[in-house]
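One-letter residues, chain by chain:
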Amino acid sequence: MLNTDKVEQQNNDILKKVRKIEIKARGLSRQLFSGEYHSAFKGRGMAFSEVREYQYGDDVRNIDWNVTARLNHPYVKVFEEERELTVMLLVDVSGSNRFGTHHQFKEELVAEVAATIAFSAIQNNDKVGVILFSDKIEKFIPPKKGSSHILRIIRELITFRPSSNGTDLSQALRYFTNVIKKRCTAFLLSDFYDENYLDSIKIASHKHDLVAIRIADEKEARLPDLGLAKFYDPETSETIWIDTADASIRQAFADRYAAHVREVEESLKKYGIDQAVLFTGEDYVKELKKLFDRRGA
């Protein structure tokens, strides 16, 4: 009986969390886009509509050579923007996301941001799908429409616990490009603590409209002077002692983080991938608004 009561209480707690994020995400999605949702997503799919005679100024790449040969006169294909967009959320659920120093873990920030994007898509009649990944594909939720689908996504974001703690961006990106054939807009939410993912991100960004949202915590950038302290790595499960009173060690820590940030930014810039950097415990709406305004310009 006690176990039943405990399970019921846990379910109620989860429902409360889902409802809380749902209310917040709905409001933020309206605040962020304010009717400019479609303009924020370049690279939407184009569907073939009809052919018509070639006119001066038409793009020669749109010439339908089969019709042109058959009718002995140049004809071009006419395309129209597809009304339905697919939005994919590639969510890093590795061990490093269970970190935060401002009353919020990185994984909690990820859940809020992902839910906000998902609600924005649903309100515009688009499909939403999710890939949860660590150093393997943990879960794939195929793209669908509907509020019940969004609530399922939010529940997974809140309650899901990965079977592995590592990070493999390449595997997640390869899986994404293989499973989603049609061009879509994809948000990669991660702290990007990984290496050797350049080839995969290059392929994914060419095939899809890829947006990077880097999740961070300000304490990752510098090591406080705490004397001799024990540190735990949630991805490798290793524990080490570090003398944080040593200024050279603190500097090396800061330099390493700065190099990580520089590498990520250079990689994204190289392939023309838009990005936003969101910090735990801070108002992320402003940064997301900047991102979407840039994309809609």
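Colleague: Which parts of the structure should I look at to understand the overall build of the chain?
Modeller: Tallying secondary structure elements over the chain gives eight helices and 10 strands in all. Here the chain holds 297 residues, and 44% of them are scored as buried. Of the contacts formed within the chain by residues at least 6 apart in sequence, a portion of 73% connects residues at least 24 apart. Of the roughly 16300 Å² of accessible surface on the chain, a fraction of 50% belongs to carbon and sulfur atoms.

Colleague: Sorry if this is basic, but what is going on with the side chain of Ser 134 here?
Modeller: Along the chain, the position of Ser 134 falls in the loop between strand E4 (127-133) and strand E5 (137-144). Using a relative accessible area of 0% as the deciding quantity, one classes Ser 134 as buried. Those residues in contact with Ser 134 that sit more than four places away from it in its chain are Val 93, Ser 94, Ser 164, Gly 166, Thr 167 and Asp 168.

Colleague: Looking at this model, I keep getting lost on the packing of helix H3 (residues 106-123) against helix H4 (residues 147-159). Mind explaining?
Modeller: Two quantities define a packed helix pair, namely the angle between the helix axes and the distance between the axes. Between H3 and H4, whose axes approach to 10 Å, the crossing angle comes to 170 degrees. Judged on the interaxial angle alone, H4 and H3 are roughly antiparallel. Together, Ala 111, Ala 114, Ala 115, Ala 118, Phe 119 and Ile 122 of H3 and Ile 150, Ile 154 and Leu 157 of H4 make up the contact between the two elements. In terms of residue class, the contact of H3 with H4 is built from nine nonpolar, no polar and no charged.

Colleague: Sorry if this is basic, but what is going on with helix H7 (residues 247-270) here?
Modeller: Each full turn of the α-helix corresponds to 3.6 residues, which orients residues three or four apart in the same direction. The end-to-end C-alpha distance of H7 is 34 Å, a good match for the 34 Å that 24 residues give at a rise of 1.5 Å each. Listed as buried for H7 are Tyr 257, His 260, Val 261, Val 264, Ser 267 and Leu 268. Where H7 is buried, its residues meet helix H6 (198-207), strand E7 (209-216) and strand E10 (274-279). Phi for Gly 272, located one or two positions after H7, is positive at around 65 degrees.

Colleague: What am I meant to see in the pattern of salt bridges here?
Modeller: It is possible for side chains bearing opposite charge to pair when their charged atoms get close. This structure, assessed with the given rule, holds eight salt bridges. For Lys 139, the salt bridge goes to Glu 156, with nearest N and O atoms at 3.8 Å. Placement of the pair is Lys 139 in strand E5 and Glu 156 in helix H4, with a sequence separation of 17 residues. The class for Lys 139 is partly exposed, based on a relative accessible area of 25%. The shortest N-O distance in the salt bridge between Arg 250 and Asp 225 comes to 3.8 Å. One end of the pair, Arg 250, is in helix H7; the other, Asp 225, is in the loop between E7 and strand E8 (228-233), and 25 residues separate them in sequence. Overall, Arg 250 belongs to the partly exposed group, its relative accessible area being 23%. When salt bridges with common partners are traced through the structure, they connect Lys 106, Asp 191 and Glu 220 into a single cluster.

Colleague: Before we go on, may I ask you to explain the packing of helix H5 (residues 169-179) against H6 in this structure?
Modeller: Following both chains from N to C, one finds H5 and H6 inclined at 30 degrees, their axes separated by 9 Å at the closest point. On the basis of the axis angle, H5 is roughly parallel to H6. Considering the relative orientation of H5 and H6, their crossing is left-handed. Taking contact as the criterion, the partners of Ser 170, Leu 173, Arg 174, Phe 176 and Thr 177 in H5 are, on H6, Ser 200, Ile 201, Ile 203, Ala 204 and Lys 207. Here the residues of the contact of H5 with H6 sort into five nonpolar, three polar and two charged.

Parameters at a glance
- Residues numbered from 1 in each chain as written.
- Predicted model: local features only at pLDDT ≥ 70, side-chain atom pairs only at ≥ 80, totals over all residues.
- Heavy atoms only, no water.
- Helix = DSSP H or I, 4+ residues; strand = E, 2+ residues; numbered from the N terminus.
- Buried < 20%, exposed > 50% of the residue type's maximum accessible area, 1.4 Å probe, protein only.
- Contact = heavy atoms within 4.5 Å.
- Areas by Shrake-Rupley, 256 points an atom, 1.4 Å probe, with all protein chains shown as cover.
- Axes fitted to C-alpha atoms, helices over the stretch in contact; angles between N-to-C directions.
- Parallel < 35°, antiparallel > 145°, perpendicular 65-115°, else oblique.
- Nonpolar A, V, L, I, M, F, W, Y, C, P; charged D, E, K, R; others polar.
- Expected span 1.5 Å × (residues − 1).
- Salt bridge = Lys/Arg side-chain N within 4 Å of Asp/Glu carboxyl O.
- Left-handed = near helix turned anticlockwise from the far one by under 90°.

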